[in-house]
Amino acid sequence: MSTVATNQQTGFVGKASNYLDERTSISGAVKEFGRKIFPDHWSFLLGEVALYSFVIILLSGSFLTFFFQASMDVVTYTGSYVPLKGIEMSAAMSSTLDISFDLRGGLLMRQIHHWAALLFVAAIGLHMLRVFFTGAFRKPRELNWSIGFVLFVLAMAEGFTGYSLPDDLLSGNGLRIIDGMVNAVPVVGTWITFLLFGGEFPGSDIVGRLYTLHILLLPAILLIFIVLHLMFVIIHKHTQYPGPGKTENNVVGFPILPVYAAKAGGFFFIVFGVVALMASLVTINPIWVYGPYDPSPVSAGTQPDWYIGFADGALRLIPPHLETVWLGYVWSWNILIPILILLVFLAAVFAYPFIEAWVTGDKREHHLLDRPRNAPARTAIGAAGVTFYAVLWAAASSDIIATHFKVTMEGVINTLQILLILGPIIAFAVTKRVCLALQKKDRTMALHGFETGRIVRMPGGEYIEVHQQLDEYDRWKLVSFNDNAPLMLRPNPKGKITGGMRARARLSRWFFEDRIAPVTPTEHALELEQSHH
Amino acid sequence: MRNKTSRSARRSGRRGPLASIVLIALGLAATGGAYVAFSSVSATASIDLSSPAVIDEGSKLFAANCATCHGMQAQGTANGPSLIGVGSAAVDFQVGTGRMPMQAQGPQALKKPVQFTAEQTSALAAYVSSLAPGPSIPTQTQLENGNVSNGGELFRINCAMCHNVAGAGGALTEGKFAPVLKGVAAVHVYEAMLTGPQNMPVFNDLNLTPDEKKDIIAYLAYNEANPSPGGLELGSLGPVSEGLFLWIFGLGSIVALTVWITAKSN
């Protein structure tokens, strides 16, 4: 191949690429990159969806910056939306209304930008779940998990700064909550909000500052981390699901050029199409209904965008009256505890790969993914985490649940408070049992084959159902997984057992004590032999 | 089917093939038209609320339908408040929206199909307003030609915290709620502000002047007549319904497409 690339290129493309190559030696990189193999599975495209949403956000966002004025100067609205005519508002709000009503294609661009932002964070979330439940974060990919986590947090920050920009009623209410949360921080809180807002809330600086964050600082950091994230994907090679012929030392799939690039390129336009369809049919963030920000009104049903919902939910679920006065300060535990819970939750997400690696003592490289059932403890922890998040998330819409399901608000809140504690425990137990049961089923299938439904009467009068052995391809998937055993508690070289080692052994036992061992070839051979007799 | 009809028409030679369809259409139009004409007549029927005959009729209706809870002299009982001084506006709102007579005791009276004709409602209103002076039913001129943008601002400041900024309704404590404002007649909106039904506070004429009430009504009417320029409104519930839509339809279709793209051809 390389010999073809270096000489006698004809046609424009050939000559142009030759010209480029002679000056940049890019052919090496193209060859290396183009021959990267990507396995084909739908769940491997979720990260790509996030990437494409980001590109859509960049494109539509650039358009919006041409017309948006990040200023809180008071103006009188004179645009074409009748119910706001003659109303005083900030230039930010007024220019956003002008984009929506007086700029050709402006409303579509705003809606594309906002829907793509919702999709961006959702795709990241789903991608993270895929990576978590398949164990793709294991060595050597722990660092890439951390980078991905940073991307997730940055995406939420981008979202929050973004929907706060138009300076409408809803965004102002959201900023007021942030202001309240910062104010609750002991000693320095008040100073920080005055610094953030340039004086007493809402001040006249915050929109300009958020704008700088939203269009300059955060996207720049995001872009750097996206590049890092993708570089690591290339360096590590892609993971793959267990299957016939797939091992820790190969990658089975399509090369990037031409197959995968064509698919991925086409997929970008599909994602863009879905976003454009949503944006052209469905209203998002109708700031003209919310009206300009004014600190006095708060609308019923005021919620943040979905990805901040879990934080709002935590504030709604904390029991009231948790305040103490100490050293002349009010300690608002009803705000500090939710903040702490959120930080601990996020920290746990960030640290999970490192915690699992420490507990299991697994130092091997893993390029084959786990089927979720084959890691019951991890899958159960994941289910518990998802439940915890989902309860907080649901709590953010407690009032809407109350009105739409005709139940009382207090009933919804109390139920969710209980679920927040009990839900994860139940989810953990149930998921672990389900995983183990599925593993047992797999084991039976691998050993005895599947039930054919053919009932045979034996000469002695006994009835048996004939089982048929799986073929080798089907069995592969059922038997090729890691058999993790609890760590043995052994003294270190100094002959001592430290507290840390004890904790680790205990955690390891908790992780692996309930397990179903994979069928070994000898076991299978023995079984075959027995069934023949 | 059509063949059969035309064949039978040829045989009898009396009716065209489409005659029965035309007949049904005519019949439906006549019934519907008559209904519309009747209901619009009864809605605009003007009745003198101070005439003794009407008050007397109202008093009988009251004794038969309301007195169980509100008392024979509307003085109130343990099950229902006194109606002395609530005025005709309160009666017209509560009975005219079907909230009264109440179906069952609960956190608040629910809107349901109206139980009385317009004449009966007016008679009840006449009786209750004859007991003591109180807020009266607004005239048509009190409901028209408000200032939409002023109404919007007043709505956001005074009404949105319970009814939602788009009038989509909102939750209150203990199972009570502020209802959706879409589809509520202007006269009922005015009466609600004037009398503060259920858990709603009273917005008297010193709080919101009659002109300001008119503006709020104009704003609601504008929103109802002009659907969202951005497309489907998703119930005007804001980020919650947007998030649900994104996760179910947006991400749902994206995942379906990823499955399609990576599917192996058979």
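Computed from a predicted structure; not experimentally measured.

## Quick notes on the interface of chain B and chain A
The interface is formed by 50 residues belonging to chain B together with 63 residues belonging to chain A. Both faces combined, the contact of chain B with chain A buries some 4,500 Å², and carbon together with sulfur accounts for 72% of it. On inspection of chain B and its partner chain A, the count reaches 0 salt bridges. Among the elements of the structure, helix H7 (148-158), helix H8 (160-163), strand S1 (170-171), helix H10 (210-225) and helix H11 (239-262) of chain B are those that each provide at least two residues to the side of chain B that touches chain A. Here the side of chain B that touches chain A gets 18 residues from one element, more than from any other, and that element is H11 of chain B.

## Considering the side chain of Ser60 of chain A
All names here are of chain A. Checked against the element boundaries, Ser60 lands in helix H4 (residues 46-65). Taking relative accessible area as the criterion, Ser60 reaches 3% and is therefore assigned buried. Here His113 takes part through its side chain, which lies 3.1 Å from a polar atom of the side chain of Ser60.

## A short note on the UniProt feature "domain: Cytochrome c" (unreviewed entry) in chain B
Residues and elements named next belong to chain B. Taken from the UniProt record, the annotation "domain: Cytochrome c" (unreviewed entry) applies to residues 53-132 and 146-224. Along residues 53-132 one finds 51% helix and 0% strand; the C-alpha atoms at either end are 18 Å apart. Secondary structure content for residues 146-224 is 51% helix and 5% strand, while the C-alpha to C-alpha distance between its ends is 15 Å.

## Observations regarding the UniProt feature "transmembrane region" (unreviewed entry) in chain B
UniProt records the feature "transmembrane region" (unreviewed entry) at residues 244-263 of chain B, using the numbering of this structure. Taken as a whole, residues 244-263 of chain B contains 95% helix and 0% strand, while its terminal C-alpha atoms sit 27 Å from one another.

## So, the UniProt feature "transmembrane region" (unreviewed entry) in chain A
All names here are of chain A. Feature annotation in UniProt places "transmembrane region" (unreviewed entry) on residues 49-68, 112-133, 145-165, 211-235, 267-288, 335-355, 375-396 and 416-435, given in this structure's numbering. Within residues 49-68, the helical portion is 85% and the strand portion 0%, while the C-alpha atoms at the span's ends are 27 Å from each other. Helix makes up 90% of residues 145-165 and strand makes up 0%, while its end C-alpha atoms are separated by 30 Å.

## Considerations on the pattern of salt bridges
This model, assessed by the stated rule, comprises 18 salt bridges over all chains. Arg316 of chain A is the salt-bridge partner of Asp312 of chain A, the closest N and O atoms lying 3.3 Å from each other. Within this pair, Asp312 of chain A and its partner Arg316 of chain A are both found in helix H13 (residues 309-317), separated by 4 residues, close to a single helical turn. Note on Arg316 of chain A: relative accessible area 22%, which makes it partly exposed. Between Lys182 of chain B and Glu233 of chain B there is a salt bridge, with its nearest N and O atoms 3.4 Å apart. Linking Lys182 of chain B in the loop between strand S2 (177-178) and helix H9 (186-195) with Glu233 of chain B in the loop between H10 and H11, this pair joins segments that are 51 residues apart in sequence. Residue class for Glu233 of chain B comes out partly exposed when judged on its relative accessible area of 29%. Connected via shared salt-bridge partners are Arg138, Glu356, Asp370 and Arg378 of chain A.

Rules of the game
Residues numbered from 1 in each chain as written. Chains lettered and ligands numbered in written order. Predicted model: local features only at pLDDT ≥ 70, side-chain atom pairs only at ≥ 80, totals over all residues. Heavy atoms only, no water. Contact = heavy atoms within 4.5 Å. Buried area = accessible area lost by both parts, 1.4 Å probe. Salt bridge = Lys/Arg side-chain N within 4 Å of Asp/Glu carboxyl O. Helix = DSSP H or I, 4+ residues; strand = E, 2+ residues; numbered from the N terminus. Buried < 20%, exposed > 50% of the residue type's maximum accessible area, 1.4 Å probe, protein only. Polar contact = N/O pair within 3.5 Å; in protein donor to acceptor, adjacent residues only side chain to side chain. UniProt positions renumbered as here; feature names shortened; annotations may be inferred.

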